Amino acid sequence: MSSAPAQNATPATKLTVRELCVYYGEKKGVGPVTMDVAEKHVTAFIGPSGCGKSTFLRALNRMNELIPTCHMTGEVKLDGEAIYGPGVDPVTVRRRIGMVFQRSNPFPKSIIENVAYGLRIGGLKDEREIAMRVERALQQAALWDEVKDRLEDNALGLSGGQQQRLCIARALAVEPEVLLMDEPASALDPIATAHIEELINEISTDYTIAIVTHNMQQAARVADYTAFFYMGELVEFDRTDVLFTKPSNQRTEDYITGRFG
Amino acid sequence: MSTNAGPAPKDAERRRNKTSAQRVFVRTVSNRLGDATMAISSGLATALVLAILAVILFDIARSGSSHLSIAFLTQAPREGMTAGGIFPAIVGMVEMVFLMTLAGVPVGVATAIYLHEYAPAQSRLTRLIRIAVANLAGVPSIVFGLFGLGFFVQFLGAGIDKMFFGGQKVYGQPALLWAALTMAVLTLPVVIVATEEALRAVPRELREASLALGATKLQTVIHVVVPQASAGILTGMILAVSRGAGEVAPILFTGAAYFLPHLPKGLSSQFMTPSYHVYVLATQSPDVDATKPILYTTVLVLVALTFVLNIAAVVVRARVRRQNSFGH
């Protein structure tokens, strides 16, 4: 449904990436990548395993820094502000650019405390405000109806699909401007996957979303823009409908028609 | 020579003629023999260990249980330790272990957090600290006793006396406080190693989840990493306590008393403890036959306490691990 963005108006750019290269030690993981991520749209990164799409995604909110050997060159700007600029605290970057991981990773705490975590560490003390925002986040993640009667239960008791939606709610609760999703549905069954995709469509009106997926149909269903990565390079980046129907690069065409990957 | 050399090529030929599938699935006699030998010998070794433990426990239980009573646990020794109980020793041990935990565990946990979370993993200093901790664990306990005497009693204690008590001997002699601190140093490696192990077991996914929500490293350590590692930390603590309850050498010069008519009055008092009491009963008794049942019962109590602490460590670890089990 959202795979057909406004045909004429070019959306505003949220993230500006220029000549970004990420290295693990001496070895280049991905790059150079130059792209503009459109505000309040869904951008998908596709490509075969090991093509660098996840590495690229993690560079967008400075998660790669947690890997000691990892370093990078190039530039990433959020609303024109360099997130790797001197004196920029990665903590503030990650508050504005949230992330959902491949494997759902709820804390071994209650459902409500999972969602409230980001708010509490952000310094929010007002319990009424916290409860309100937890409810809103759970509703946005389409989980509220399933858990509203057992908010105090341990989150680890939820099903895999519910846990992943909880992680999305947890990320949304802090109201980031951008949400990065690293294969959020790859460990889920088709029904749970459909839930997640529906939810991505819902929230894309308010959030800028970048999603890594190895599932091309998923990219076609949820994304307005799609970037194809291959062997650490950005091969092609275009509107999803264009990329899937009229790819301009031979390798893109080979990949989306299933000739390799 | 020639007779042996004859069949060998034929054998090889036969083997070559078999299909590869057959060759993969055939279990040779020597394989089976090797497995059987290993199973039997390792089983025997295990049985030997269990047998030794059983003999020790049986001997202690048989000779010690006759004298065990509420009175034994609640009375002081009487008549040159040939009668009465071990109440002061139990109290002394509890106090010493409590102080030891209070002093040692926070330092140990903090050290482990520094080593695992903050210290640069590959740096020479970090490696040096790890080696130092491992060596600390290998130092004979009597050396800790001498260290405690030299550093805590004669240096710190005497210094305190000089500064605050006008040279009067208050802290400058063996005392509960110094014994507890010496024991805390002795058990530090146990706490550090167990805590680091627990921190290492915290899944990277949980750290990333916290950091991706805009948590600082400190917030992540406090709210996610340490709670997740609490089972392991608690286990290390209990193991340290159980070690502390049994050691004699470190407290020999730093605070343990041969016999006291009263309970310890404060940090500067000396104290009795079951482990040292066992030594005293076994070697210093004027009447060996009268002391023997008391000795056995003291050992029984000591073993039971240590056993209970170790069981507690296992139970706590299992319970917290179940609560925190991460994954699907």
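Refer to the structure printed above.
In short, a report on the structure. Since this is a predicted model, take the numbers as computed values, not measurements. (Residues numbered from 1 in each chain as written. Chains lettered and ligands numbered in written order. Predicted model: local features only at pLDDT ≥ 70, side-chain atom pairs only at ≥ 80, totals over all residues.)

The subject of this paragraph is the sheet that holds strand β8 (residues 208–212) of chain A. Residue and element names in this part refer to chain A. The strand order across the open sheet built from 6 strands is β6-β7-β8-β3-β9-β10, with neighbouring strands paired in mixed fashion. Here the strands that pair on one side only, and so sit at the sheet edges, are β6 (97–100) and β10 (233–239). Taking the axes of each pair of neighbouring strands and ignoring which way they run, one obtains an average angle of 15° across the sheet. Both strand β3 (residues 42–46) and β8 contribute to a ladder of 4 bridges, which runs parallel. From the neighbouring strand, Thr-43 faces β8, where its bridge partner is Ala-210. (Pairing = 2+ DSSP bridges. Helix = DSSP H or I, 4+ residues; strand = E, 2+ residues; numbered from the N terminus. Axes fitted to C-alpha atoms, helices over the stretch in contact; angles between N-to-C directions.)

Glancing now at the pairing of strand β7 (residues 178–182) of chain A. Residue and element names in this part refer to chain A. Counting buried positions over the 5 residues of β7 gives 5, a clear majority of the element. Judged by which residues are buried, β7 turns out to be covered on both faces: Val-178, Leu-180 and Asp-182 on one side and Leu-179 and Met-181 on the other are all buried. Looking at chain direction, β6 and β7 are connected through 4 bridges and run parallel. Across the sheet, residue Gly-98 finds its bridge partner in β7, namely Leu-179. What joins β7 to β8 is helix α7 (residues 190–203), and the crossover it makes is right-handed. (Buried ≥ 20, exposed ≤ 12 C-beta atoms within 10 Å, placed from the backbone. Right-handed = clockwise from strand over helix to strand, strands pointing away.)

Our next topic: helix α4 (residues 127–140) of chain A. Residue and element names in this part refer to chain A. For α4, spanning 14 residues, the distance from its first C-alpha to its last is 20 Å, which sits close to the expected 20 Å at 1.5 Å a residue. Arg-133, Val-134, Ala-137 and Leu-138 are the residues of α4 that are buried. Angularly, the buried residues of α4 cover 135° about the axis, an arc narrow enough to put them on a single face. Across α4 from its buried face, at more than 90 degrees, point the exposed residues Arg-128, Glu-129 and Met-132. In this fold, the buried residues of α4 make contact with α3 (111–121), α5 (144–147) and α6 (160–173). Remark: Ala-142 follows α4 within two positions and exhibits a positive phi of approximately 55°. (Expected span 1.5 Å × (residues − 1). Arc of directions from axis to C-beta. Contact = placed C-beta atoms within 7 Å.)

One recurring pattern in soluble globular proteins is that nonpolar side chains are buried together. Residues Ala-169 and Ile-211 of chain A are the most contacted members of the largest nonpolar core, which totals 153 residues. Ranked by the residues each element gives to this core, the list is headed by helix α9 (residues 176–200) of chain B, at 17 residues. Beyond its immediate chain neighbours, meaning those up to four positions away, Ala-169 of chain A contacts Val-115, Ala-137, Leu-138, Gln-140, Ala-141 and Leu-143 of chain A. (Core = buried A, V, L, I, M, F, W, Y, C linked by C-beta atoms within 7 Å.)

Residue and element names in this part refer to chain B. For the pair helix α6 (residues 87–118) and α9, interaxial distance at closest approach is 6 Å and the crossing angle is 35°. The two elements α6 and α9 meet at a crossing, and its hand is right-handed. Broken down by class, the residue content of the contact of α6 with α9 amounts to 21 nonpolar, 6 polar and 4 charged. (Left-handed = near helix turned anticlockwise from the far one by under 90°. Nonpolar A, V, L, I, M, F, W, Y, C, P; charged D, E, K, R; others polar.)

The next point concerns the environment of Gly-74 of chain A. All names here are of chain A. Structurally, Gly-74 is set in strand β4 (residues 70–78). Of the residues examined, Gly-74 has 16 C-beta atoms within 10 Å and is grouped as partly exposed. As a C-alpha pair, Gly-74 and Lys-109 span 35 residues in sequence and 39 Å in three-dimensional space. Beyond its immediate stretch of four places on either side in the chain, Gly-74 contacts Arg-18, Glu-19, Leu-20, Cys-21, Gly-31 and Pro-32.

For the rest of this paragraph, the subject is unusual backbone geometry. Residues and elements named next belong to chain A. Positive phi, normally seen in glycine, also occurs at Ala-142, with a value near 55°. With a phi close to 50°, Met-231 is a non-glycine residue in the positive phi region. Along the chain, Met-231 falls in the loop between β9 (225–230) and β10. The exposed category is assigned to Met-231, around which 12 C-beta atoms lie within 10 Å.

Turning our attention to the environment of Val-109 of chain B. All names here are of chain B. Residue position: Val-109 is located in helix α6. By C-beta crowding, Val-109 is classed as buried, having 22 other C-beta atoms within 10 Å. Separated by 127 residues in the primary sequence, Val-109 and Gly-236 place their C-alpha atoms 9.5 Å from one another. Those residues in contact with Val-109 that sit more than four places away from it in its chain are Val-191, Thr-195 and Ile-233.

Residues and elements named next belong to chain A. What the 4 strands build is an open sheet, ordered β2-β1-β4-β5; its pairing is antiparallel. The open sheet has two edge strands, β2 (27–38) and β5 (81–82), and neither has a second partner. Bridge count between strand β1 (residues 13–24) and β2: 8 bridges; the pairing is antiparallel. When the sheet's bridge partners are listed, Val-17 is paired in β2 with Met-35.

Across the contact, 20 residues belong to chain B and 23 residues belong to chain A. Those elements giving two or more residues to the side of chain B that touches chain A turn out to be α10 (204–212), α11 (217–246) and α14 (288–324) of chain B. With 6 residues, the single largest contributor to the side of chain B that touches chain A is α10 of chain B. Residue composition of the side of chain B that touches chain A, grouped by class: 9 nonpolar, 9 polar and 2 charged.

Here the focus is the packing of α3 of chain A against α6 of chain A. Residues and elements named next belong to chain A. The geometry of α3 relative to α6 is characterised by a closest axis approach of 7 Å and an angle of 30° between their N-to-C directions. It follows from the interaxial angle that α3 and α6 lie roughly parallel. In the packing of α3 onto α6, the handedness of the crossing is right-handed. Contacts between α3 and α6 involve Ile-111, Asn-114, Val-115, Tyr-117, Gly-118 and Leu-119 from the former and Leu-166, Ala-169, Arg-170 and Ala-173 from the latter. Grouping the constituent residues of the contact of α3 with α6 by class yields 7 nonpolar, 2 polar and 1 charged. (Parallel < 35°, antiparallel > 145°, perpendicular 65-115°, else oblique.)

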